[in-house]
Amino acid sequence: LVMRRVVEGRIVITIAIVSAVALFLSYFGSFVPGFARFQPVRFILPAFVFLAIPVGMALSTVVKRIGLPVGSSVACAAVILILPAVWLGGLKQLPLPTSPDPFAHFITQQTTPADPLLIQSSDGYRHGGFETKIFPLRFQREVIGSNFSAVHDPAQFLDKVLLGRELKDWSKEELKLALNRWGVSWVFTANSEGHALFTNTIGPPVAEVGSYRVFQVSPAATRFLIGDGVMEAKVNRIELKNLRSKDGLVVIRYRYHPSWRGTSDMPVFAYPIPEDPSGFIALKDPPETVTLRFDPLALMAK
């Protein structure tokens, strides 16, 4: 409304549309075909840049109305914004891997796209880094590592926590059962606690790649915990074919959420597991072919 008094309406409408589209892609881009592969959260920056124009004009109007000098108010605001950066130590350069990256080379050459990976990281809940978020897209593998979620999530492998439990609290037998449940094929540990835990559980590492120790879990499990069939996972979609249930039940090693929907109104259930209250996806007496779709509207409704 403030901008319309200063510039023509087409400019105001253009900025509003651009800001709305950028915000939409930031928060819902993972449901948009094509954008899902490009980290849509990055659109938050252009959204805020465009929104700074109307927000700045609105703040200027408010400052004028309460009788404060605009220039001094802007200077005070700039100082307030700069102080946290100074207190936190300013910008720091990220330690980039060597080129070519031996870790990336090992994963792309020694593992297959069908191998689920367990990668330890210091990232995640109440931690400060972000690098493993990109691993699934970078390596085209399914990764249990850090998803640096805003809330605590059991399905992570952090400095001292694995699948919701402190590393020191895992017994050899329990960890083997958990690895089998989640279908892990390869484990990459990054610190001494992780090295010791998996050396005791699996045996000596098969390789050392940079700071990582590599452990191979054998034999590699299928994507089916109960039952059998052919499965193909895509963004927000899981296609199941040639399903063969066991005692009328099929369970796949993917986490359950109430927003999963089956074709022909096929009910989708949660199969409980010890490590995660969400459980795995389960189907009761399914037909030979089922497609599961993640419904974003159902997620928003909750």
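What counts, and at which threshold
- Residues numbered from 1 in each chain as written.
- Predicted model: local features only at pLDDT ≥ 70, side-chain atom pairs only at ≥ 80, totals over all residues.
- Heavy atoms only, no water.
- Helix = DSSP H or I, 4+ residues; strand = E, 2+ residues; numbered from the N terminus.
- Rg over C-alpha atoms; globule rule 2.2 N^0.38 Å.
- Buried < 20%, exposed > 50% of the residue type's maximum accessible area, 1.4 Å probe, protein only.
- Contact = heavy atoms within 4.5 Å.
- Areas by Shrake-Rupley, 256 points an atom, 1.4 Å probe, with all protein chains shown as cover.
- Lys, Arg positive; Asp, Glu negative; His and termini not counted.
- Charge placed at Lys NZ, Arg CZ, Asp CG, Glu CD.
- Pairing = 2+ DSSP bridges.
- Patch = residues over 30% accessible without salt bridge, like charges linked within 9 Å, V, L, I, M, F, W, Y side chains within 5 Å.
- Salt bridge = Lys/Arg side-chain N within 4 Å of Asp/Glu carboxyl O.
- Polar contact = N/O pair within 3.5 Å; in protein donor to acceptor, adjacent residues only side chain to side chain.

### Some words on the overall build of the protein
Per the secondary structure count, the protein includes 8 helices and 15 strands. Since a compact globule built from 302 residues should have a radius of gyration of about 19 Å, the 24 Å found for the protein marks it as more spread out than a globular shape. In terms of its C-alpha atoms, the protein occupies a principal-axis envelope of roughly 75 × 50 × 35 Å. Within the protein, buried positions represent 34% of all 302 residues. The long-range share in the protein, meaning contacts at least 24 apart out of those at least 6 apart in sequence, stands at 60%. Counting only carbon and sulfur atoms, one obtains 63% of the accessible surface of the protein, whose full area is about 18,300 Å². Side chains of the protein carry 31 positive and 24 negative charges; the gap between the two charge centres is 8 Å.

### Section: the pairing of strand β13 (residues 269–273)
Two elements, β13 and strand β14 (residues 276–284), share 4 bridges in a ladder whose sense is antiparallel. Paired with Tyr-271 across the bridge in β14 is Phe-280. Here β13 hands over to β14 after 2 residues, the two strands then running antiparallel side by side.

### Points about a nonpolar patch on the surface
A surface patch of nonpolar side chains, about 270 Å² in accessible area, is lined by Ile-13, Ile-17 and Val-21. Residue placement: Ile-13 occurs in helix α1 (residues 9–28).

### Topic: the environment of Gly-194
The topology assignment puts Gly-194 in helix α7 (residues 192–201). Separated by 166 residues in the primary sequence, Gly-194 and Phe-28 place their C-alpha atoms 35 Å from one another. Setting aside residues up to four positions removed in sequence, Gly-194 forms contacts with Gln-120, Leu-167 and Thr-189.

### Quick notes on the side chain of Arg-141
Structurally, Arg-141 can be placed in the loop between α5 (135–139) and β2 (143–144). A polar atom in the side chain of Arg-141 sits 3.1 Å from the backbone oxygen of Thr-112. Filtering out sequence-adjacent residues up to four positions away, Arg-141 remains in contact with Ile-107, Thr-108, Thr-111, Thr-112, Pro-113, Asp-115, Leu-117 and Pro-136.

### Structural notes on unusual backbone geometry
Backbone geometry places Ser-264, a non-glycine residue, at a positive phi of 55°. Within the element layout of this structure, Ser-264 appears in the loop between β12 (260–262) and β13. Note on Ser-264: relative accessible area 76%, which makes it exposed. The phi dihedral of Asp-265 is positive, around 55°, even though this residue is not glycine.

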